[in-house]
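Here are the chains, one letter per residue:
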Amino acid sequence: MAASIAGELEFDLMQYPFSRSEDPFVDLSSQDAFTDGAPFATFDRLREADPVHWTEFTGGDRGFWSITRHADILALNRQADLLSSARGIRMEDQTEEEYEARKTFQETDAPVHRAFRALASKAFSKGAIAQYESRIREIVTELLDQAFDERELDAVERIARRLPMQMLAQIMGVPDEDGAWLVEKGDALISNADPDYTDFVIDRVDTEEYRFLPFRSPAAVELFDYANNLLERMDRGEQLGVLNLVLEPTSHGTRMSRDEFRNFFCLLVAAGNDTTRYSISATIHSLANAPNLLADLQAGRHAGWESTTDEMIRWASPTSHFRRTATAAFEYGGKQIREGDKVVLWFLSGNRDAEGIPDPYSIRLDRPRNPHLAFGQGGPHICLGMWLAKLEVAIVLQELVKRVRSIEQVAQHSYLRSNFIHGIKKLPVRVVAK
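Here is what the cut-offs are and how they apply
- Residues numbered from 1 in each chain as written.
- Predicted model: local features only at pLDDT ≥ 70, side-chain atom pairs only at ≥ 80, totals over all residues.
- Heavy atoms only, no water.
- Helix = DSSP H or I, 4+ residues; strand = E, 2+ residues; numbered from the N terminus.
- Buried < 20%, exposed > 50% of the residue type's maximum accessible area, 1.4 Å probe, protein only.
- Contact = heavy atoms within 4.5 Å.
- Areas by Shrake-Rupley, 256 points an atom, 1.4 Å probe, with all protein chains shown as cover.
- Lys, Arg positive; Asp, Glu negative; His and termini not counted.
- Charge placed at Lys NZ, Arg CZ, Asp CG, Glu CD.
- Polar contact = N/O pair within 3.5 Å; in protein donor to acceptor, adjacent residues only side chain to side chain.
- Pairing = 2+ DSSP bridges.
- Axes fitted to C-alpha atoms, helices over the stretch in contact; angles between N-to-C directions.
- Phe/Tyr/Trp six-rings, centres within 6.5 Å; stacked < 30°, edge-to-face > 60°.
- Lys NZ or Arg CZ within 6 Å of the ring centre and 35° of its normal.
- Parallel < 35°, antiparallel > 145°, perpendicular 65-115°, else oblique.
- Nonpolar A, V, L, I, M, F, W, Y, C, P; charged D, E, K, R; others polar.

## With respect to the overall build of the protein chain
The secondary structure content of the protein chain amounts to 16 helices and 14 strands. Counting only C-alpha atoms, the protein chain reaches 55 × 55 × 40 Å along its principal axes. Per-residue burial over the protein chain gives 59% buried out of 434 residues. Sequence-distant contacts in the protein chain: of pairs separated by 6 or more residues, those separated by 24 or more amount to 70%. Counting only carbon and sulfur atoms, one obtains 49% of the accessible surface of the protein chain, whose full area is about 17,200 Å². Counting 50 positive and 67 negative side-chain charges, the protein chain places the averaged centre of each group 3 Å from the other.

## Concerning the side chain of N273
Among the secondary structure elements, N273 is positioned in helix α12 (residues 258-289). N273 gets classed as buried once you look at its relative accessible area, which sits at 1%. A polar side-chain atom of N273 sits 3.1 Å from the main-chain carbonyl oxygen of V269. Every residue in contact with N273, bar those within four places of it in the chain, is listed here: P164, V183 and D187.

## Looking at the sheet that holds strand β4 (residues 64-67)
Pairing in this open sheet of 5 strands is mixed, and the strands run β3-β4-β10-β7-β5 from one edge to the other. Strands with a single pairing partner mark the edges of an open sheet, and in this sheet they are β3 (52-55) and β5 (83-84). The pairing of β4 with strand β10 (residues 342-346) spans 4 bridges and is classified as parallel. What sits directly across from F64, in β10, is K342. Seen against the sheet, helix α2 (residues 70-77) touches β4, β5, β7 (321-326) and β10 and runs at an angle of roughly 125° to β10.

## Considerations on the packing of aromatic side chains
Under the definition given, this model contains 11 aromatic pairs. The interplanar angle of 80° and the centroid separation of 6.1 Å between the aromatic rings of F57 and F64 together place this pair among those described as edge-to-face. Taken as a pair, F57 and F64 share a single burial class, namely buried. Across from the ring centre of W54, 5.8 Å away, lies the NZ or CZ of R338, which sits over that ring.

## Points about helix α13 (residues 291-298)
Among the residues making up α13, those that are buried are N292, L293, L294, D296 and L297. G300 sits one or two positions beyond α13 and adopts a positive phi of about 75°.

## A few points about the packing of helix α14 (residues 305-316) against helix α16 (residues 386-403)
A pair of packed helices is captured by two measures, namely the crossing angle of their axes and the spacing between those axes. The N-to-C vectors of α14 and α16 enclose an angle of 105°; their axes lie 9 Å apart at closest approach. As the angle between them shows, α14 and α16 are arranged roughly perpendicular. Contact residues: α14 offers W305, E306, T308, T309, D310, M312 and I313, while α16 offers K390, V393, A394, L397, Q398 and V401. Tallied by class, the residues present in the contact of α14 with α16 amount to 7 nonpolar, 3 polar and 3 charged.

Given below as structure tokens:
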């Protein structure tokens, strides 16, 4: 499978390819499905042979429909009345009590979702996020200065993980020293299938005691306590970054309840760092394995930083899928989908579909149009933190290009154990700064 940069460098000939997975029959219901990287061979087979594929759940839960083609993901993602988010967004089964207790605005449908989104979107709009550009650049330059003190380093730990950690504290208006603790707890939530991040691995230990908490994780208890403290401080009139905006009433008079705020806070902590972290780690992996990519960027041979950033985020595709639940029986792609069936939209597969994105296994700096799905585009649940993630990735890319003479991967990288969030969690590189 050719995977070239501007048609010149083949990734499958590199010592450390982005994905090592070559099995066309990976069990997509398994948390181990991505431990060798994204199972692109499996997605390629499904898009060609069975794009609306019934997938058995080997963990004992009900099976689900896997949607793998770009066009089908877009079409179904738009049909929020037919495919509900209010019964969970991950492929695991939940009882009604569980998803009612754990839901954030991601797990709601209209009109509730629109009301929630109106409460939060003003705090994360493109204009609101733009005011953080200079601060992000300060943090990035400081991180790179510190990282480059060592010629060999783990680029995820020293760069990709630390930027969102520090920005999370900035945006929420909490002390910088709390950022590391918040990200640790966020990892325990959203990376709850990886033993490197939690002792309560979702498919290996009994998490029944925590089934009413976000991600069935005890880390949510500590985050709830932290959120309660923030609520008390805001009740006393303190201004805490974007959090005060989130609690303001909408033009319709609706206001986020305290329970809803606690769940939203957990989501913000968990999701506020993963998209950025794993997009940055994929970007650094590409720079380290394709020297002409760095040279092209340094020479200005690209279509602009915004399009370049979009291409790197498409390439990374850190959110593998979102699940929906059919509200009625319907036929699609020659298959009969029943009311209550789970339907999983594989954004990661759509971002490697040549029918939707030409030459998808290449990083194209000159890509004229990039209808990627990394943020859940096309549906009402498009990522709230999209503009922050794009700004952070762009600034890291700009500063690396400006300050690095060469970057080379020196040992094998490792992947997050998760079929929900996809990314490189350890990336050993050697850097020569200018």
